[in-house]
Amino acid sequence: MVLLRLLTFTLLSSYFHPGTEVDAQRTFKIRSIMLTIEPGTDVTRDTNVTVRCKATVSSSSQEALSREYTIYKDSSNVYTKRSSTAEDLLYLLPNAKVSNSGKYKCKITIEGKEMTSEATKLTVTGLSKPVLQLNKNAVSEGEEVTAWCTAPGETGSIFFYLYEDSKVIQEHSNSNPMEAKLRFRKVGLHKVHCAYAVLVMPNTFNSVESNTITVSVKELSITPVLEIFPQDKVYEGDQLSITCNIRNVLYSPENTPIYLYLSHGTKLLSSGENKVNHTMVALAKDPGDFECRLEKGQVDKVTTKMVSVTELFSSPTLTMFPADVFKGEFMSLTCRSESYASERINEEELTYTLEPSVSPLTSTKPGVFSGRALPLDFNYTCEAQAKGIKKRSETMTVRPKVSVSTPKISVVGRAILGKPVKIRCHSDFGSFPINYTLLRGYDILRTNTVKLPTQEAVFTVTINNPEEIRKYMCEAQNNPKTGLLSSRLNATLIEPLRGLTLTVLPDLPEISEGNQLYLICGTKGTPPVTYKFYRVGDKRPLLTKTLNENNTYYHVNKLSKEHSGTYYCEADNHANNVVRSENVIVEVRMALWKKALIGGVCLLVVSVLVAVCVLYIKSKRVRVVRAAVSVWSERPPEADKDEEDVSSVMSSEPDVEYTEVVHPQPADAARVPPRKGTDTVYSELKNLPPGAADHHDYGSVEYAELNGDRPEINPHPPEVNNYHDLPKPVD
């Protein structure tokens, strides 16, 4: 056998190549998985439901793979099965109930690989009718009854409800059937039924109501009895005797123990078995009825009675006189009971005491306590007593008032002449209310009452005269007996500005370049005053000053033409009324030295022009005469011979003088043409040097120009002219 195994191993080793391994694993693929519900997803109760899980798997081997199926309901594992076949997994729900409703999913797992189907919802409708059972249907009050409520065939989370006369009296869960204990406290017939609900998250399904059972409850033949003596015409201070016991018709000692409780209002007076007694003093202030309560097991029986107690005397009241008391002043407190039962007591039997006993007030007569008020608040209480009955008054707090201090009078804000002024009166201390009265002189104007610390006494008046402000005073009073006067009002009365003027220095006609300029702005009113100087055309002021004076100035140190313009000033003070001056036109004239300089320059220019014109005219006349015909005086014939000598002499630049000669009118008017105006004759004289002799015997050359007429020119050359018309040479 061993040899056979070795041979087989050798053959296999020779068949496979060295270094290769046999792959023992099979290849598979989970292609799909689907969950279906049969016969459908919506069914009624008691239907046989099948949950089918179908998986499709591809494998390289013909052998079936080992599979594990898991069924989930609402994410909870409800069923798991392993299978080696490819058949569908079936999960059966026979006689399906509402509790089987939910979302189902299927998961398949093969060799570590898994796939889960989509969820499919199953809805089962219809619940069975509950059944109610009682162990008794006729009981006495307080007797115990056992009840059972069953939901036939239902599973899951079940909640039971037990009803008595349509009201839920008990609730139970997760028990089928449900068992409960009942006790009926009221005598009569009671109807009992039950119902249940199945919880399938997140929904709740309610059943119909069960059968109804009627329970008859009989009254126990035990009755509590309450007796009070006396019960009529009871006054405060009377003794009351109270008894609480049992009236038993068929009472047996073997029954459940019986307990009695006696109470008055909320106060328990006594308790015990079978019978309870209590005595007390009747008081009118004690409210509530007397009550006798019997308890036997779960049974309670109660009887009550009311006792009317007449008040022996009323509770005292404490009053103070005077109603408002000041520290250290005399005061009295009176303690009185307004009413009392005269058939039982008289007024003298009532006694009064004041608490605390250390009070500075002493009793002067019954119920009256007098003394001086303390400087601090103090609490008082009085007590009235008669026949052992004591009654206390309510506590009274006496708060002695503080007399008002001397008031102070002042102005709120600013006092402006002719405008409403607010005057405040105030005292540093004093109890409220305080009456403040405003006086002018000693005439009462108005009264204000201040009741709270946050309030003030403020009066509004109008002052039209500066001396009037000193006449105001105020009076403070919180005690009818006395009042205190303040001092007279001492405040600054602001007069609005008026009569604003703008003065210019120097005078307007004397303003010239280089001078200094002063614009003086003056007004009447209460300083401080804010002054503003403006030049028309400029938005911003040239100067702004706030002074405690009624005038100021704007100074320009050295004037120029640029300072010419229209000026004005504005002013305002704490009266907040802005006043404006009239406009002043300032014209800066030229400086005197400039005027003199310009005049001198002008004169110089004129002189130069005149001189130029004169020279120009003279030079023009010379040219005109030279262009005219030369007229010579008679001379000897031999003068022609000397003409060259004369020319030579003239070429040597001798001095020439021009002499203006005025000729008289000739006697022979026919020989001389008429002339207009005055003839001007220029004579050219040859000046010889000193010591030189004139060798020529000829007259001087004269040039004539007629004013207004062009001179007649002889068309003939000069040498053909006659000489007899020429004047004689001038020596």
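The coordinates are above.
Residues numbered from 1 in each chain as written. Predicted model: local features only at pLDDT ≥ 70, side-chain atom pairs only at ≥ 80, totals over all residues. Heavy atoms only, no water.

## Quick look at the overall build of the protein chain
A tally of regular secondary structure across the protein chain gives three helices and 55 strands. Considering the protein chain as a whole, with its 731 residues, one finds that 32% of them fall into the buried category. The long-range fraction of contacts in the protein chain, counting pairs at least 24 apart against all pairs at least 6 apart in sequence, stands at 61%. Accessible surface for the protein chain amounts to roughly 45700 Å². Of this, 52% is attributable to carbon and sulfur atoms. (Helix = DSSP H or I, 4+ residues; strand = E, 2+ residues; numbered from the N terminus. Buried < 20%, exposed > 50% of the residue type's maximum accessible area, 1.4 Å probe, protein only. Contact = heavy atoms within 4.5 Å. Areas by Shrake-Rupley, 256 points an atom, 1.4 Å probe, with all protein chains shown as cover.)

## Observations regarding the nonpolar core
Across soluble globular proteins, nonpolar side chains show a tendency to be buried alongside one another. Membership of the largest hydrophobic core comes to 24 residues, with the highest contact counts inside it found for L162 and F184. When residues of this core are traced back to their parent elements, those giving at least two are strand 10 (131-134), strand 12 (144-150), strand 13 (157-164), strand 15 (178-183), strand 16 (188-200) and strand 18 (213-218). Those residues in contact with L162, other than ones at most four positions away along the chain, are L132, A147, K167, V168, I169, Q170, M178, A180, L182, V192, H193 and C194. (Core = buried A, V, L, I, M, F, W, Y, C linked by side-chain atoms within 4.5 Å.)

## Description of the sheet that holds strand 3 (residues 49-59)
Strand order in this open sheet of three strands is 1-3-6, and the pairing throughout is antiparallel. Looking at which strands have only one partner, the edges of the open sheet turn out to be strand 1 (28-38) and strand 6 (89-93). In this sheet, adjacent strand axes meet at a mean angle of 10 degrees when their direction is disregarded. Relative to strand 6, strand 3 runs antiparallel, the two sharing five bridges. (Pairing = 2+ DSSP bridges. Axes fitted to C-alpha atoms, helices over the stretch in contact; angles between N-to-C directions.)

## Observations regarding the pattern of salt bridges
Per the counting criterion, the structure on display carries 28 salt bridges. Between D46 and K97 there is a salt bridge; the shortest N-O distance is 2.5 Å. Within this pair, whereas D46 is found in the loop between strand 2 (42-44) and strand 3, its partner K97 is found in the loop between strand 6 and strand 7 (102-110), the two being separated by 51 residues in sequence. In this structure D46 comes out as partly exposed when scored by relative accessible area, which is 37%. Overall, K97 belongs to the buried group, its relative accessible area being 12%. Through salt bridges with shared partners, a single network forms among E38, R52, K54 and D88. (Salt bridge = Lys/Arg side-chain N within 4 Å of Asp/Glu carboxyl O.)

## Topic: the side chain of E236
Locating E236 in the fold gives a position in the loop between strand 20 (234-235) and strand 21 (239-248). Residue classification places E236 among the buried positions, given a relative accessible area of 3%. A distance of 2.8 Å separates polar atoms of two side chains, one belonging to E236 and the other to K391. With residues near it in sequence (within four places) discarded, E236 still touches A282, L283, A284, K285, V309, T310, E311, L312, F313, I389 and K391. (Polar contact = N/O pair within 3.5 Å; in protein donor to acceptor, adjacent residues only side chain to side chain.)

## Considerations on the sheet that holds strand 23 (residues 267-272)
Reading across the sheet, the four strands line up as 23-22-25-26 and stay open at both edges, with antiparallel pairing between neighbours. Looking along the sheet, the strands with just one partner apiece sit at the ends: strand 23 and strand 26 (299-305). Within the sheet, the average angular offset between the axes of one strand and its neighbour, ignoring direction, is 20 degrees. Looking at chain direction, strand 22 (residues 258-264) and strand 23 are connected through five bridges and run antiparallel.

## Describing the packing of aromatic side chains
Under the defined criterion, the tally for this structure stands at six aromatic pairs. Relative to Y568, the ring of Y534 lies with its centre 5.2 Å away and its plane at 10 degrees, an arrangement referred to as stacked. With a gap of 34 residues between them, Y534 in strand 47 (residues 529-535) and Y568 in strand 50 (residues 565-572) connect regions that are remote in the sequence. You'll find Y534 and Y568 in the same group, each marked buried. One residue, K545, lies across the ring of Y553, its end atom 4.9 Å from the ring centre. (Phe/Tyr/Trp six-rings, centres within 6.5 Å; stacked < 30°, edge-to-face > 60°. Lys NZ or Arg CZ within 6 Å of the ring centre and 35° of its normal.)

## Overview of the environment of Y259
If you trace the backbone, Y259 turns up in strand 22. C-alpha of Y259 to C-alpha of E295: the two residues are 36 residues apart in sequence and 5.2 Å apart in space. When near neighbours in sequence (up to four residues on either side) are disregarded, Y259 contacts G272, E273, R293, L294 and E295.

## Topic: the state of the cysteines
By definition, a disulfide links the sulfur atoms of two cysteine residues through a covalent bond. Tallying each qualifying case throughout the model produces five disulfides. A disulfide bridge connects C53 with C106, and the sulfur atoms are separated by 1.7 Å. Because the sign of the S-S torsion sets the handedness, a value of about -80 degrees for the bond joining C53 and C106 places this disulfide among the left-handed ones. Of the two residues, C53 is situated in strand 3 and C106 in strand 7; the sequence distance between them amounts to 53 residues. A relative accessible area of 0% means that C53 is categorised as buried. Judged by its relative accessible area of 0%, C106 falls in the buried class. (Disulfide = S-S within 2.5 Å.)

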